[in-house]
Amino acid sequence: MPEFIKDVLILLRPRFLSFKNPLLSANSKKDFSRNLVMGAAGLFFWIGIFIISYRTLKYFRRIEGLGDILIFKLLSMLVLTSFSLLIFSSILTSLSKLYLSRDLELVHSMPVSGNRIFAARWIESTADSSWMVIIYILPVFVALGIINKAGFFFYLNTALVLLSLSFISSGISSVLVMATVFIIPAGRMKSILLFFGFTLFLTLFLVFRLLKPEQLVDPDVFSTVVVYLDTLKAPSSPLLPSTWAYDSINESLSGSMQSSLFHSAISWSFVAVILFINILIADMIYFKGFSKTQTASSRVFKYKYSDFPFTGLLPGASRAFVVKEIKTFFRDQAQWSQLLLIGALVIIYIYNFSVLPLEKAPIKTIYLQNLLSFLNMGLCLFVLTAIAGRFAYPAVSSEREAFWLVKASPVKIRTILWIKFFIYLFPLLILSEILIVATNIILKVEAFMMVLSFITVFLVVPGIVSIGIGFGAAYPDFKSENPAQSVTSFGGLMFMMLCAGYIMAVIVLEAGPVYSIFMAALHERSMTILQWIWIVVSFSMVVVIGMFAIFFPMRFGEKGLSKVLP
């Protein structure tokens, strides 16, 4: 057993050094500044979750008779949802860590048995798949403990129980992954998992949304809410690990230490069992499954050069690069399969506006319609920023080790960046215009607001795409296992912050003039010369900022990418 632990620690040593070495490198000060900014942003987000959770739980606590039922049912749902997220995240991470990582060929060439390699990779997979979920659900439990005036034991027990839940979900996932890869090669399995995972998520989300949960705040259907609340007392299945975690947390919250430790012991004993099962199965089939992964994955979409006739207007080298970009996108199942997710989000986004009870609001409908339309511009652009962060920002990092070939090609870096810009601009622009026009039609806004929203989105979207491409080029990550994860880096954080600032600046510049025009039309009065000057200056500044947002990030990205060695 000591030899087993020693070998596992040696295999984990490179991971430990990856955290230590950046502190000793020549760029340690620069890296420290980046990590400080990212840490501050993460802390700000964590505090935001805590404040929202605290206020929500405090509000529920005030409800006589129903408050405690709601709080503990929400707690149960949170634990179950977290367990589900951990399972899905662990499946994808285990698949990558155990079978698809690029250093596995080197690791398996070492004089170490397969079960020890598996154990080290399993520990890494557990940490990578669970740390974010655990960190960002902790503020909910902290808020719960403060409201109920819980002692130190509650916080310690909650942390340990969530840790056991992470090990359990990772253990279950790795067993499923090893058994499946033994039958299906890992490359094909990843495509299948991504497709069915997105399909399952979209189905559940759409079903939940179509249940119209907004009716819970409608007094006209309060009688059905009472019936619903009565069902909240129904117990969960005692066979689910999430139930053990919930029972332990619940008992520690009420001060019953002995009962809480009993449920925690059940959870941790299952961790030992699932670890033993994993080691046993890894001895039998892990290396055989890894051998099967050394096959080329099949392509879903197959194109010929002549399938892109519109590229005939471009010069030869640029035309080849455009075709390469499009083919690369559709060959990567992790990319095109997410179009299903985006399509469902568009449907849900539009559907949410169709069920707004505008006629029951205390504000006049005509005011509310146009106010929502104006605010919807910002919301739509924030949604676009998130999508651009998934597709446009990693566009340069997706070149990976082939970047030397791109840089050695007869196409200038400036041209390459603009090609990527236009490839992502048109789909994102069409998507944004569909969102804004469809929601405005549902809201039945005035013609002025419809035209303003359309033009504003048309001007702002190129700037968001440019910031994504430019900062993705200035801060590329060619060594990442998944280029999409580069948006969580320092450059990705800067991209998100700049886009948020850009959108807010446009909204602020347009807010005053739009209000003046709307009120003047509503009360049928003419506007003064000063108001017209203010309107012209404000909208001119929007255009100027939009042009700056298009060209400056691309120039910045070109300079940064030119300094990167191939």
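Residues numbered from 1 in each chain as written. Predicted model: local features only at pLDDT ≥ 70, side-chain atom pairs only at ≥ 80, totals over all residues. Heavy atoms only, no water.

Undergrad: Which residues make up the overall build of the chain, and what are the values?
TA: Within the chain, the secondary structure is distributed over 19 helices and 0 strands. Taken over 566 residues, the chain has a buried fraction of 43%. Restricting the contact set of the chain to residue pairs at least 6 apart, pairs at least 24 apart contribute 83%. Accessible surface computed for the chain: about 30600 Å², of which carbon and sulfur atoms make up 72%. (Helix = DSSP H or I, 4+ residues; strand = E, 2+ residues; numbered from the N terminus. Buried < 20%, exposed > 50% of the residue type's maximum accessible area, 1.4 Å probe, protein only. Contact = heavy atoms within 4.5 Å. Areas by Shrake-Rupley, 256 points an atom, 1.4 Å probe, with all protein chains shown as cover.)

Undergrad: I'd like a rundown of empty space enclosed by the protein, residues and numbers included.
TA: Inspection of every chain in the model, using the stated rule, returns 2 cavities of 30 Å³ or more. In this structure, the largest cavity spans a volume of roughly 50 Å³. Lining the largest cavity, in full, are V396, E399, F403, V406, K407, I413, I416, L417, K420 and L561. Among the elements that line the lining of the largest cavity, the one with the most residues is helix α16 (residues 413-443), at 4 residues. Class assignment for the residues of the lining of the largest cavity results in 7 nonpolar, no polar and 3 charged. (1 Å grid on protein atoms, 1.4 Å probe; cavity = no way out; pocket = protein on both sides within 12 Å on 5 of 7 lines; lining within 4 Å. Points joined across faces, edges and corners; volume = space filled by probe spheres on them. Nonpolar A, V, L, I, M, F, W, Y, C, P; charged D, E, K, R; others polar.)

Undergrad: How would you sum up the pattern of salt bridges? Please name residues and give values.
TA: Summed over the entire model, instances satisfying the criterion amount to 3 salt bridges. Residues E124 and K97 are paired through a salt bridge, measuring 3.4 Å at the closest nitrogen-oxygen approach. You can see E124 sitting in helix α5 (residues 114-147) and its partner K97 sitting in helix α3 (residues 67-100), a full 27 residues away along the chain. For E124, a relative accessible area of 11% corresponds to the buried category. Of the charged contacts, one joins K97 and D128 as a salt bridge, the two residues approaching to 3.2 Å between their closest N and O atoms. Of this pair, K97 sits in helix α3 while D128 sits in helix α5, placing them 31 residues apart in sequence. Taking the relative accessible area as the measure of exposure, D128 reaches 23% and is therefore partly exposed. One salt-bridge network, in which partners are shared between bridges, spans K97, E124 and D128. (Salt bridge = Lys/Arg side-chain N within 4 Å of Asp/Glu carboxyl O.)

Undergrad: Which residues make up the packing of aromatic side chains, and what values do they have?
TA: Taken as a whole, this structure holds 19 aromatic pairs when the rule is applied. For the ring pair W418 and F421, a centre distance of 5.1 Å and an interplane angle of 80° mean the geometry is edge-to-face. Of the two residues, W418 and F421 are both situated in helix α16; the distance of 3 residues between them amounts to about one turn of the helix. Among the residues examined, F421 registers a relative accessible area of 3% and is labelled buried. A connected cluster of aromatic rings, assembled from ring pairs, spans W418, F421, F422, F426 and F551. (Phe/Tyr/Trp six-rings, centres within 6.5 Å; stacked < 30°, edge-to-face > 60°.)

Undergrad: Please give an account of the packing of helix α17 (residues 447-474) against helix α19 (residues 529-562) that cites residues and values.
TA: Where α17 meets α19, the closest approach of the two axes is 7 Å, and the angle between their N-to-C directions is 20°. When the interaxial angle is binned, α17 and α19 end up roughly parallel. At the point where α17 passes α19, the crossing takes the left-handed sense. Facing α17, whose interface residues are L452, L459, P462, G463, S466, I467, I469, G470, F471, A473 and A474, α19 presents F539, V543, A549, I550, F551, P553, M554, F556, G557, G560 and L561. The residue inventory of the contact of α17 with α19, partitioned by class, reads 17 nonpolar, 5 polar and no charged. (Axes fitted to C-alpha atoms, helices over the stretch in contact; angles between N-to-C directions. Parallel < 35°, antiparallel > 145°, perpendicular 65-115°, else oblique. Left-handed = near helix turned anticlockwise from the far one by under 90°.)

Undergrad: Explain α5 to me, and be specific about the residues and the numbers.
TA: Three- or four-residue spacings in an α-helix give side chains the same orientation, since the helix completes a turn every 3.6 residues. End to end, α5 covers 49 Å across 34 residues, agreeing with the expected 50 Å (1.5 Å per residue, within 8%). Maximum bend of α5: about 45°, positioned at S130. Once α5 finishes, K149 follows within two positions and takes phi at roughly 55°, a positive value. (Expected span 1.5 Å × (residues − 1). Bend = angle between axes of the 7 residues up to and from the residue.)

Undergrad: Give a detailed account of the side chain of E510, specifying residues and quantitative values.
TA: Checked against the element boundaries, E510 lands in helix α18 (residues 490-522). Among the polar contacts listed, one links the side chain of E510 to the side chain of T456, at a separation of 2.9 Å. Excluding anything up to four places from it in sequence, E510 contacts F374, M377, L452, T456, F539 and V542. (Polar contact = N/O pair within 3.5 Å; in protein donor to acceptor, adjacent residues only side chain to side chain.)

Undergrad: Explain a nonpolar patch on the surface residue by residue, including any values.
TA: On the surface, F152, L156, L160, L163 and W268 cluster together into a nonpolar patch covering about 490 Å² of accessible area. Here the element with the most residues in the nonpolar patch is helix α6 (residues 152-181); it accounts for 4 residues. In this structure, L156 sits in helix α6. (Patch = residues over 30% accessible without salt bridge, like charges linked within 9 Å, V, L, I, M, F, W, Y side chains within 5 Å.)

Undergrad: Give me the lowdown on the side chain of R121, citing residues and values where you can.
TA: Tracing the backbone shows R121 in helix α5. On the basis of relative accessible area, R121 is assigned to the buried category, the value being 7%.

Undergrad: Go over helix α10 (residues 257-292), please, and point to the residues and values.
TA: With 36 residues, α10 should reach 52 Å at 1.5 Å per residue; the first-to-last C-alpha distance of 49 Å fits that figure. In α10, a bend of some 55° at A282 exceeds every other bend along the element.

Undergrad: Lay out the environment of I430 with the relevant residues and their values.
TA: In this fold, I430 is placed in helix α16. Overall, the relative accessible area of 53% leaves I430 in the exposed class.

Undergrad: Which residues make up the confidence of the model for the chain, and what values do they have?
TA: Summarising the model, the chain shows a mean pLDDT of 76, and 72% of its residues fall at 70 or more. No element of the chain has a lower mean pLDDT than helix α8 (residues 222-231), at 49, and none a higher one than α17, at 90. Below pLDDT 50 for its whole length, residues 214-219 participates in 7 contacts with residues either more than four positions away or in separate chains. Below pLDDT 50 for its whole length, residues 231-235 participates in 5 contacts with residues either more than four positions away or in separate chains. (pLDDT = per-residue confidence, 0-100.)

Undergrad: Quick rundown of the environment of V542? Include the residues and the values.
TA: For V542, the location among the structural elements is in helix α19. Note: C-alpha distance between V542 and L459 (83 residues apart in sequence) is 8.4 Å.

Undergrad: Explain the packing of α5 against α10 residue by residue, including any values.
TA: Where α5 meets α10, the axes come as close as 8 Å, and the angle between the chain directions of the two elements is 130°. Viewed along their axes, α5 and α10 adopt a mutual orientation that is oblique. The element α5 and its partner α10 pack so that their crossing is right-handed. Contacts between α5 and α10 involve G114, N115, I117, F118, A119 and W122 from the first element and L275, N278, I279, A282, D283 and Y286 from the second. Of the residues belonging to the contact of α5 with α10, the class tally is 8 nonpolar, 3 polar and 1 charged.

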